[in-house]
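# Topology and contacts: notes
Here are the chains, one letter per residue:
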Amino acid sequence: MSTENNPELLFKNSVKILTDLISFKTISGEDNNSLIDYCDNILKNLGATSFKTFDDDKKRVNLFATIKAKNLSSKKPIILSGHTDVVPVSKGWATDPFK
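Summary of the structure given here. Note that the structure is predicted; figures quoted are calculated from it, not measured.

Before going further, it helps to examine the packing of aromatic side chains. Under the counting rule described, the total for this entry stands at two aromatic pairs. Aromatic pair F24 and Y38: ring centres 5.5 Å apart, planes at 55 degrees, arrangement tilted. Taken as a pair, F24 in the loop between α1 (7-23) and α2 (33-45) and Y38 in helix α2 lie far apart in primary sequence, 14 residues in all. For the ring pair F51 and F64, a centre distance of 4.9 Å and an interplane angle of 10 degrees mean the geometry is stacked. With F51 in strand β1 (residues 49-54) and F64 in strand β2 (residues 61-66), this pair connects stretches of sequence that are 13 residues apart.

Considering all chains together, one arrives at five salt bridges under this definition. Two residues, K12 and E8, come together in a salt bridge whose shortest N-O distance is 3.4 Å. One end of the pair, K12, and the other, E8, are both in helix α1, four residues apart, so they sit about a helical turn from each other. A salt bridge links D20 to K16; the nearest nitrogen and oxygen atoms lie 2.7 Å apart. Of this pair, D20 and K16 both sit in helix α1, four residues apart, which is roughly one turn of the helix. In this structure D20 comes out as buried when scored by relative accessible area, which is 15%. Relative accessible area serves as the criterion here: at 48%, K16 is assigned to the partly exposed category. Residues participating in the shared-partner salt-bridge network are D37, D40, K44 and K52.

Okay, the side chain of N32 next. Secondary-structure assignment places N32 in the loop between α1 and α2. Non-local contacts of N32, meaning those with residues more than four positions away in its chain, are made with T26, K59, R60, V61 and T84.

Here is what the cut-offs are and how they apply
For every chain, the first residue of its written sequence is number 1, and the numbers climb from 1 along that sequence. Totals for whole chains, interfaces and linings use every residue, but because this is a predicted model, local features are given only for residues with pLDDT of at least 70 and side-chain atom pairs only at 80 or more, for both listing and counting. Based on all heavy atoms of the structure, the side-chain values leave hydrogens and waters out of the count. Paired rings are identified among Phe, Tyr and Trp, the last through its six-membered ring, by centres lying within 6.5 Å, and are further divided according to the angle between planes into stacked (under 30 degrees), edge-to-face (over 60) and tilted (the rest). By definition, any uninterrupted DSSP run of H or I lasting at least four residues is a helix, any uninterrupted run of E lasting at least two residues is a strand, and each is numbered from the N terminus. Any Lys or Arg side-chain nitrogen located within 4 Å of an Asp or Glu carboxyl oxygen qualifies as a salt bridge. The buried label applies to any residue whose accessible area, calculated with a 1.4 Å probe on protein chains only, is under 20% of its type's maximum; exposed applies above 50%, and partly exposed to all values in between. Here a residue-residue contact requires only that any non-hydrogen atoms of the pair lie within 4.5 Å.

What follows is the structure in structure tokens.
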């Protein structure tokens, strides 16, 4: 279902995705394959093409994805760049930091 003209559905989907992303325990230096696969699936469902690069142990993954414009226009492309790791959780949290 397209969210293009449905702001309520777009908001609900965005909150769901952000909640899911927060739940991945991608602590620095540890495996991030499950998070990358999750993102790759979402992007592929939107029509993206992608490829991955791996470290020597295949534990740490980089994802590169491209979504082509539906209509050619004079709009400039957008690049989103981020990282998937977080610092280790320290003691003293009142709540689960992955929720």
